[in-house]
Amino acid sequence: MGLKYVEQTKSIALFVLVFLSITLTFSIWTYKPNYETIGTTKVFDISIGKQRQMSDIIKPYRMLFHMSEKWKGTNENTKMDPILSEMKNWELSDLTLVSNNLDDKKLNELIGMNNRMTLFYTDEIPFPVFFQNLLPTQNKKLTEASFNRMIIDWNKLNNSSMSNNELIVFFANSKNNKLYKAKVKVQSEKHFQTNVVQVAKSFANYLEIEREGAKSFYLPAKAISIPKYTYIIESDPVYNYKNALFSNPNIVKRSPDEATGTEKYTDDKSLMTIDVTKKTLNFVNTSIVENKEKALESDLILNTFSFINEHGGWTGDFRYSEVDYGNQKVTYQMYLEDQPVFSDRSVTLTEISTYWDWGNDRISKYYRPYYQPVPIPLVRNDGKLISGPEAIEKLKDRKDINYEDIEEIRSGFYLTKNANPNLFTLEPMWFYSINGKWEHLSPVIAGGGQIGLE
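- As recorded by an unreviewed UniProt entry, the chain carries the name Two-component system yycF/yycG regulatory protein and is attributed to Viridibacillus arenosi FSL R5-213.

What follows is the structure, given as structure tokens:
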């Protein structure tokens, strides 16, 4: 009997030991020490301006129609937006490359055929950016190609026996001479006629200015009303940019230099230089090592757009202007009253420039103005710029430039300093692009003389 109880006792003891082992192991796994909080790094959630949609930033600078042998066009958002919104209901398919040899003559012919609508963009737009954000497509795999002219042909739509409610769309890249073709499905011919064609009939009359062996110009036939404005410059608080751009704003040091009118903000990784006179900001990631990897054009645009959006950097109407693949740079241009704003860089900046470092997946440089133009009530002078054809004649008379080298002509504003350092004047002018740079034509008022800055 004694031996029997010894075995039972051993079994009970073994069970207890196993149970205690399991309990102890579980306690170790789930143990949470009650440490005192040493301190946390403050996370700054800064929104300087508004966040935007890609459709707010990528817009055509001109919408042109050729129908019934007449040209109609506009650069006004209020007139273009209903048609651009309608395009979001379309569906694109069968995108294919049709030519690697698109010359200026062929491009002029594509735009100039009857029942054609053309959207003009300031620079190349990669297909992945456009179709993911601005126009729905059935194409699952999008080539990393791009375009700067979108030409819509609705001749087939007018033939109800052939159309199936389809339009033919051409995507032209005048920089690399490539031409793509696709189909677009619309709701119906009647819907398209009502919401697109009839809307366009209210646009201003335009003229095609043809050139031998070069792209045509498309400009308003009559003088255009563009008031001259005076704006007060309202600065965004610099500390907002400091808190938005530095990873740990608490350790940033400020070093003002009254002699140069600048302020420097630094931590161990970045440098932000503020030019108080020009009201411009220059942010550089000094810790980034030179990297030879390059992002795709679509990633460049998407990444820089997201970067600016994250801190609400759209302090006004900024629009996509150009992409520089070699330097991994994307530029966004300031607009006011649907007109691009240009300035002498010795005065201030009217654009945002972003440089992306692909290897480190972050911004390497960021140049921008840190002011917002605020209109002064009743301070405006109504006026009219001369017509497009008259501006062309002025350019032809210039002895210092070759007319055939001009790439594009647009109306816009030239920003200059007022006698009051906090006031800027926006002078309406004609601008022309030559050798990749925008220059202004000495301003001329319809029915009058020069009101000049030159």
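### Points about the overall build of the chain
Right, so step 1: Helix and strand counts for the chain stand at 10 helices and 25 strands.
Right, so step 2: Here the chain holds 454 residues, and the buried ones make up 48% of them.
Right, so step 3: Considering only intrachain contacts with a sequence separation of at least 6, the fraction spanning at least 24 residues in the chain is 66%.
Right, so step 4: Total accessible area computed for the chain in this model is approximately 23,800 Å², and 49% of it derives from carbon and sulfur atoms.

### Considering the pairing of strand β19 (residues 351–357)
Right, so step 1: The buried count for β19 comes to seven of seven residues, which makes it a mostly enclosed element.
Right, so step 2: Burial of the side chains of β19 extends over both faces: Glu351, Ser353, Tyr355 and Asp357 are buried on one face and Ile352, Thr354 and Trp356 on the other.
Right, so step 3: As paired elements, β19 and strand β20 (residues 362–369) share five bridges and run antiparallel to each other. Each bridged residue has a counterpart across the sheet, and for Tyr355 the counterpart in β20 is Lys365.
Right, so step 4: Between β19 and β20, which pair antiparallel and follow one another directly, the connecting turn spans four residues, one of which, Asp361, has a positive phi of 55°.

### A closer look at the nonpolar core
Right, so step 1: Counting 100 residues, the largest nonpolar core has Phe171 and Tyr332 as the members making the most contacts within it.
Right, so step 2: Judged by nonpolar contacts, the second largest core, of 16 residues, contains Trp71, Leu107, Ile111 and Ile151.

### Section: the layout of surface pockets
Right, so step 1: In this structure, the largest pocket spans a volume of roughly 1,000 Å³.
Right, so step 2: Together, 36 residues line the largest pocket, and Glu322, Ser433, Gly436, Lys437 and Trp438 are the ones closest to its centre.
Right, so step 3: The set of elements that each furnish at least two residues to the lining of the largest pocket consists of β4 (116–126), β5 (146–153), β16 (317–324), β17 (329–336), β18 (339–343), β23 (406–417), β24 (423–434) and β25 (437–441).
Right, so step 4: Broken down by class, the residue content of the lining of the largest pocket amounts to nine nonpolar, 12 polar and 15 charged.
Right, so step 5: Among the domains, domain 1 (59–218) and domain 2 (222–444) are the pair contributing at least three residues each to the lining of the largest pocket.
Right, so step 6: Approximately 550 Å³ is the volume found for the second largest pocket.
Right, so step 7: In terms of lining, the second largest pocket is formed by 29 residues, of which the most central are Asn75, Glu76, Ile224, Gln339 and Ser411.
Right, so step 8: Breaking the lining of the second largest pocket down by element, the ones donating at least two residues are β2 (70–74), β8 (204–211), β9 (214–220), β10 (224–225), β18 and β23.
Right, so step 9: If you tally residues by element for the lining of the second largest pocket, the top one is β23, at four residues.

### Some points on empty space enclosed by the protein
Leftover empty space is mapped by rolling, across the atoms, a probe with the size of a water molecule.
Right, so step 1: In this structure the tally under the stated criterion is one cavity of 30 Å³ or more.
Right, so step 2: If you add up the space inside the largest cavity, you get close to 60 Å³.
Right, so step 3: As for the largest cavity, its lining consists of Arg62, Leu107, Asn108, Ile111, Phe120, Arg149, Lys215, Ser216, Tyr218, Glu407 and Glu408.
Right, so step 4: Secondary-structure elements contributing two or more residues to the lining of the largest cavity are α4 (104–112), β9 and β23.
Right, so step 5: In terms of residue class, the lining of the largest cavity is made up of four nonpolar, two polar and five charged.

### Re unusual backbone geometry
Right, so step 1: Phi angles above zero are rare outside glycine, and Asp94 is one such case at about 55°.
Right, so step 2: When you line up the elements, Asp94 lands in strand β3 (residues 91–99).
Right, so step 3: Judged by its relative accessible area of 45%, Asp94 is partly exposed.
Right, so step 4: Not every positive phi belongs to a glycine, and Gln328 is a case in point at roughly 55°.
Right, so step 5: Along the chain, Gln328 falls in the loop between β16 and β17.

### Some points on the packing of aromatic side chains
Right, so step 1: Within the structure shown, the criterion is met by 31 aromatic pairs.
Right, so step 2: Centroid distance Trp90 to Phe192: 6.1 Å. Interplanar angle 45°. Geometry classified as tilted. Remark: Phe192 occurs in helix α7 (residues 189–200) and Trp90 occurs in the loop between α3 (77–87) and β3; sequence separation between them is 102 residues.
Right, so step 3: For Phe192, a relative accessible area of 2% puts it in the buried group.
Right, so step 4: Consider the rings of Tyr355 and Tyr367, whose centres lie 5.9 Å apart with planes at 65°: the pair is edge-to-face. Remark: Tyr367 occurs in strand β20 and Tyr355 occurs in strand β19; sequence separation between them is 12 residues.
Right, so step 5: Given the relative accessible area of 25%, Tyr367 is considered partly exposed.
Right, so step 6: By way of ring pairs, the aromatic residues Tyr121, Phe127, Phe130, Phe131, Phe147, Phe171 and Tyr180 are connected into one cluster.

Rules of the game
- Residues numbered from 1 in each chain as written.
- Predicted model: local features only at pLDDT ≥ 70, side-chain atom pairs only at ≥ 80, totals over all residues.
- Heavy atoms only, no water.
- Helix = DSSP H or I, 4+ residues; strand = E, 2+ residues; numbered from the N terminus.
- Buried < 20%, exposed > 50% of the residue type's maximum accessible area, 1.4 Å probe, protein only.
- Contact = heavy atoms within 4.5 Å.
- Areas by Shrake-Rupley, 256 points an atom, 1.4 Å probe, with all protein chains shown as cover.
- Pairing = 2+ DSSP bridges.
- Core = buried A, V, L, I, M, F, W, Y, C linked by side-chain atoms within 4.5 Å.
- 1 Å grid on protein atoms, 1.4 Å probe; cavity = no way out; pocket = protein on both sides within 12 Å on 5 of 7 lines; lining within 4 Å.
- Points joined across faces, edges and corners; volume = space filled by probe spheres on them.
- Nonpolar A, V, L, I, M, F, W, Y, C, P; charged D, E, K, R; others polar.
- Domains from an automatic or database assignment.
- Phe/Tyr/Trp six-rings, centres within 6.5 Å; stacked < 30°, edge-to-face > 60°.

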